[in-house]
Amino acid sequence: MLDRKYLIDHADLVQQNCHNRGVAVDIDTLVSLERQRRERLAQVEELNRKANEVAKSIGQTKDAVEREARKEEGRRLREEKDAAQAEHDRLERECHALQAAIPNMTHPNAPVGGGDHANVEVRRGKTPIRVFDFTPKDHVALGEALGLIDLDGGARTTGHGFYFLRNEAVLLELALQRYVLSVLEAEGFTLTTTPDLAQNHILEGIGFLPRGPETQVYSIENSDLSLVGTAEITLGGLYSGQTLDAEQFPMKVCGISHCFRTEAGAHGRATRGIYRVHQFTKVEMFAYTLPDQSDAIHDYLMDLECRIFDGLGIPYRVIDTCTGDLGGPAYRKYDLEAWMPGRGTAGEWGEVTSTSNCTDYQARRLDIRYRVKGEKGTRFAHTLNGTAVAITRAIIAILENYQQADGSIVIPEALRAWVGKDRIAAKS
RNA sequence: GGAGAGGUGGCUGAGUGGUCUAAAGCACCGGAUUGCUAAUUCGGCGUAGGGUUAACUCCUUACCGCAGGUUCGAAUCCUGUCCUCUCCGCCA
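Residues numbered from 1 in each chain as written. Chains lettered and ligands numbered in written order. Predicted model: local features only at pLDDT ≥ 70, side-chain atom pairs only at ≥ 80, totals over all residues. Heavy atoms only, no water.

Colleague: What am I meant to see in the pattern of salt bridges here?
Modeller: Should the charged atoms of two oppositely charged side chains come close, the side chains can pair. For the coordinates displayed, the defined rule picks out 30 salt bridges. With its nearest N and O atoms 2.5 Å apart, the salt bridge here joins glutamate 121 to arginine 124. In this structure, arginine 276 engages glutamate 263 in a salt bridge whose closest nitrogen and oxygen atoms are separated by 3.4 Å. Note that arginine 276 is positioned in the loop between β8 (251-260) and β9 (279-289) and glutamate 263 in the loop between β8 and β9, a separation of 13 residues in sequence. A single network of salt bridges, built from pairs that share partners, joins Arg4, Glu34, Arg37, Arg38 and Glu92. (Salt bridge = Lys/Arg side-chain N within 4 Å of Asp/Glu carboxyl O. Helix = DSSP H or I, 4+ residues; strand = E, 2+ residues; numbered from the N terminus.)

Colleague: Could you clarify how one ought to interpret the state of the cysteines in this entry?
Modeller: Defined simply, a disulfide is a covalent bond joining two cysteines at their sulfur atoms. Going through the model one piece at a time under the given rule, you end up with 0 disulfides. Free of any disulfide, cysteine 18 has its nearest cysteine sulfur in cysteine 95, 15 Å distant. With no disulfide of its own, cysteine 254 has cysteine 259 as its nearest cysteine by sulfur position, at a separation of 13 Å. (Disulfide = S-S within 2.5 Å.)

Colleague: Before we go on, may I ask you to explain the packing of helix α7 (residues 168-186) against helix α10 (residues 294-312) in this structure?
Modeller: Packed helices, taken two at a time, are described by the angle between their axes plus the distance between the axes. The interhelical angle for the contact between α7 and α10, taken along N-to-C directions, is 130°, at an axis separation of 11 Å. The pairing of α7 with α10 is recorded here as oblique in orientation. By crossing handedness, the relation of α7 to α10 is classed as right-handed. For the pair formed by α7 and α10, the contact residues are Leu176, Tyr179, Val180, Val183 and Leu184 on the first element and Leu304, Arg307, Ile308, Gly311 and Leu312 on the second. Looking at side-chain class alone, the contact of α7 with α10 contains 8 nonpolar, 1 polar and 1 charged residues. (Axes fitted to C-alpha atoms, helices over the stretch in contact; angles between N-to-C directions. Parallel < 35°, antiparallel > 145°, perpendicular 65-115°, else oblique. Left-handed = near helix turned anticlockwise from the far one by under 90°. Contact = heavy atoms within 4.5 Å. Nonpolar A, V, L, I, M, F, W, Y, C, P; charged D, E, K, R; others polar.)

Colleague: How should I be thinking about the environment of threonine 158 in this particular structure?
Modeller: With respect to the secondary-structure elements, threonine 158 resides in the loop between α6 (151-157) and β3 (164-165). Residue threonine 158 is classed as exposed on the basis of its relative accessible area of 52%. A polar atom in the side chain of threonine 158 sits 3.3 Å from the side chain of threonine 157. (Buried < 20%, exposed > 50% of the residue type's maximum accessible area, 1.4 Å probe, protein only. Polar contact = N/O pair within 3.5 Å; in protein donor to acceptor, adjacent residues only side chain to side chain.)

Colleague: Help me understand the domain arrangement of chain A in this model?
Modeller: It is common to give the size of an interface as the accessible area lost on bringing the parts into contact. When cut into domains, chain A gives domain 1 (4-100) and domain 2 (116-424). With centres defined by C-alpha atoms, the gap from domain 1 to domain 2 works out at 43 Å. (Domains from an automatic or database assignment.)

Colleague: Help me understand the sheet that holds strand β13 (residues 369-371), please; the structure alone is not making it clear to me.
Modeller: Where strands meet in a sheet, backbone hydrogen bonds hold them as pairs that are either parallel or antiparallel. The mixed open sheet is built from 3 strands, whose spatial order is β7-β13-β14. With partners counted over all chains shown, the strands left at the sheet margins are β7 (243-245) and β14 (379-380), one partner each. Alignment of β13 against β14, held across 2 bridges, turns out to be antiparallel. Pairing of arginine 369 across the sheet is with phenylalanine 380, part of β14. (Pairing = 2+ DSSP bridges.)

The following block contains the structure:
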């Protein structure tokens, strides 16, 4: 959510930004409603002030008749105030609804446009794309042949989009978690495990829509809880309503969670295997920073994602996401796309991680503030998030990039200590 | 799940319908004073919104877990709800 005053004072900039992002909003209506709201607010406060005066004078009035007259006056003022208040609240709700629909402002260097062709590749990983002297299989074939992924079992027990990992895939999942935790711990992240459910107002604060036809969220019946789609939700909610100390910043936290996504409307689009599933495990990085730190921390998170995939020996490219593809809260977003040799006809890039600078957009909704020692008042923190590792996509990249002609799969060097072996042997 | 107790400023903690504009202490900030790792003393010390201004300058509204209600007036009374603590039960 953007600041109300900023919206009113920079209506043109906001309008242009919404246009760049392909979001239709009516700024003029908002400006007009907000003006009405403020008039009404002034009225409410004036009536309240008068009523307070009257109420106070009654305590000091001895004369019974006079007291009754004052009481009547007080009653009248409160009634008027209640009416004005109701009108104000109605305007406030309208303003808030319009305001909440407006996306974050955008980094001046983010590429303007929409669609894949507008995205800009900004970097390549250290590992070159491997040239195969045999036809590489995709992760579905590999997973089936080696007894690593059971999609049928998942479909039987739970439904399409669910799966069982088996044998070495289980070890890989745990190894990947352990590997990124060792990187993040050394970088000073606070390691956490997190709730897999969160209250709906937290989801909304982060920018998810727990309700409505377009929701990507599983909600729990007869409660205000939803399953989280990412630990970004809980890590962002962690300090909601809090005023933090500026000296704590930048504050780096990482969290392991299960991620649940309905993926409504995504059928048929790259749904093969475990690429797009309804549940997976992820280690998420999250940072709370001062406003002038967030750009640098965003680059830092992107660097860490690169280091993690360089360390795994997987080829990737980094994309600076164009304005049309940015989610509402993101000021700027980088995606890492790993090379997946089994995708498409001759391999394709597939998104494996993503990192966003959300500036104060989430903090304003979640009420996450900070205080600078010696300064009056508080300000909103900046929040950033980034994927350290999304297990299913990382497993796809490993299986497909490390497959051998004999059908076996070499375990990436960085994971061997955690997996306890250096190769997944081919089944005879 | 049952029974009880309790949520008040950064912290401790008073406050049971009207100078609460929330006592006091601690902590913190500024000044004064005194020769000894500091004491004493004076003052200041919240957040958010609106208006106003050269200026957090002045005015004002709201906020005592949260949401309602009663009342001219609520930290205080009523209802609901959330959370914390203690004991019991159950449990990985």
